[in-house]
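Fold and geometry: a report
Residue strings, one per chain:
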Amino acid sequence: MPNKRPEIIVTANFPSLIENAVKRLAARISKVSSRGAICLTGGSTPKPLYQRLATEPYRSELPWNRIHWFWGDDRFVPPEDERSNAGMARAAFLDRLPIPPGNIHAIPTNASNPHEAARHYEAELTRFYGSNLLNPERPLFDLVLMGLGSDGHTASLFPKHSALIEMNRWVVGVEQAGIAPFVPRVSLTFPALASTREMMFLVSGQEKRNVVDRVLSGQDLPATRAHATGNLTWLIDREAAPEAYPVSSGGT
Ligand code: 6PG
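Quick summary incoming for the structure in this document. (Residues numbered from 1 in each chain as written. Predicted model: local features only at pLDDT ≥ 70, side-chain atom pairs only at ≥ 80, totals over all residues. Heavy atoms only, no water.)

Some words on the pairing of strand β3 (residues 67-71)
Quick reminder of the rule: Only protein chains enter the accessibility calculation, which uses a 1.4 Å probe; a residue is then buried when its area is under 20% of its type maximum, exposed when over 50%, and partly exposed in between. The secondary structure listing takes helices from DSSP runs of H or I that are at least 4 residues long and strands from runs of E that are at least 2 residues long, numbered from the N terminus. Should DSSP find at least two bridges between two strands, the strands are regarded as paired.
Counting buried residues in β3 gives five out of five residues, a clear majority hidden from the surface. A two-sided burial pattern is seen for β3, the buried positions comprising I67, W69 and W71 on one face and H68 and F70 on the other. Note: strand β2 (residues 36-40) against β3, five bridges, orientation parallel. Considered in β3, the bridge of G36 is made with I67.

Here we look at the site of the ligand
The line we're drawing: It suffices for a single heavy atom of a residue to lie within 4 Å of a molecule or strand for the residue to be listed as near it. Computed with a 1.4 Å probe, the accessible areas rest on the Shrake-Rupley method; for each residue, only the protein chains presented here act as cover. In this count, Pro and Cys sit with the nonpolar residues alongside Ala, Val, Leu, Ile, Met, Phe, Trp and Tyr, while Asp, Glu, Lys and Arg are called charged and the others, Gly among them, polar.
The immediate surroundings of the ligand are formed by 16 residues, with S44, T45, D73, A155 and K208 found nearest. Its free accessible area being 420 Å², the ligand has 88% of it covered by the protein chains. Across the shell around the ligand, the residue classes tally to two nonpolar, ten polar and four charged.

Quick look at the pairing of strand β7 (residues 185-188)
Burial along β7 is two-sided: the residues R185 and S187 and V186 and L188 are all buried. Across four bridges, strand β6 (residues 171-174) lies against β7 in antiparallel orientation. Considered in β7, the bridge of V174 is made with R185.

Remarks on the side chain of T41
Let me state the cut-off plainly: N or O atoms within 3.5 Å of each other form a polar contact, as long as, within protein, one can give a hydrogen and the other can take it, and as long as residues adjacent in sequence are counted only when both atoms are side-chain atoms. Note on contacts: a residue pair qualifies if any of its non-hydrogen atoms lie within 4.5 Å across the two residues.
Tracing the backbone shows T41 in the loop between β2 and α2 (47-53). Among the polar contacts listed, one links the side chain of T41 to the backbone nitrogen of G147, at a separation of 3.4 Å. Those residues in contact with T41 that sit more than four places away from it in its chain are P46, Y50, L145, M146 and G147.

Here it is as structure tokens:
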């Protein structure tokens, strides 16, 4: 667990987790004056959050032209494959809103292999950032969304994988996923994911309670190593939160 303590928000249920998340995401976007960048996570948990962004009031109120969208990881499959994180987010909201196509930066899974995709995506990130050196005073992202796998992985950074200790590269190819779907992945590394005003984990469901407990008690799992130059927030619903954590005041 990073040196500063995370903010832990326990919500009464999954719908209230999504409502909390969309309000925090919208607040983060509303603070952007010229150009902002949101880093999306994959998996199933965030889908209702993405779908909510395409509904009112967010649909009409948010400055879609100012925001750029990236991914923290993706499966190395075509965008039309049902396992694609980019495909899921496009269907859920990106393709339903007035977002300039140039603002959507999907991981190029049409590359010849995950390592080449990683090199291309790293180049796209450094071009967008304007440097290949991350300055903690000038974060790459305004918000990084993160999920948590039952094995403690986050993004596509799996237990015991060499990518966990990669401190120079921003993006790596992952030949073997440690959990389904067992397809190669492309993932941002911890230094790139950490370059953000806020990192927000979204975790839901009884099946995650054990791993949440392990991470929050400091066991050395990939998600425990996640950190942010800005704020670190855990949004966890009642089912996934350890008993000792009460529902937060804003969590209903
Ligand atoms: C992915 C995600 C991954 C995900 C967790 C949780 O590509 O699968 O980036 O890190 O967030 O596996 O997935 P669920 O939300 O489906 O439980």
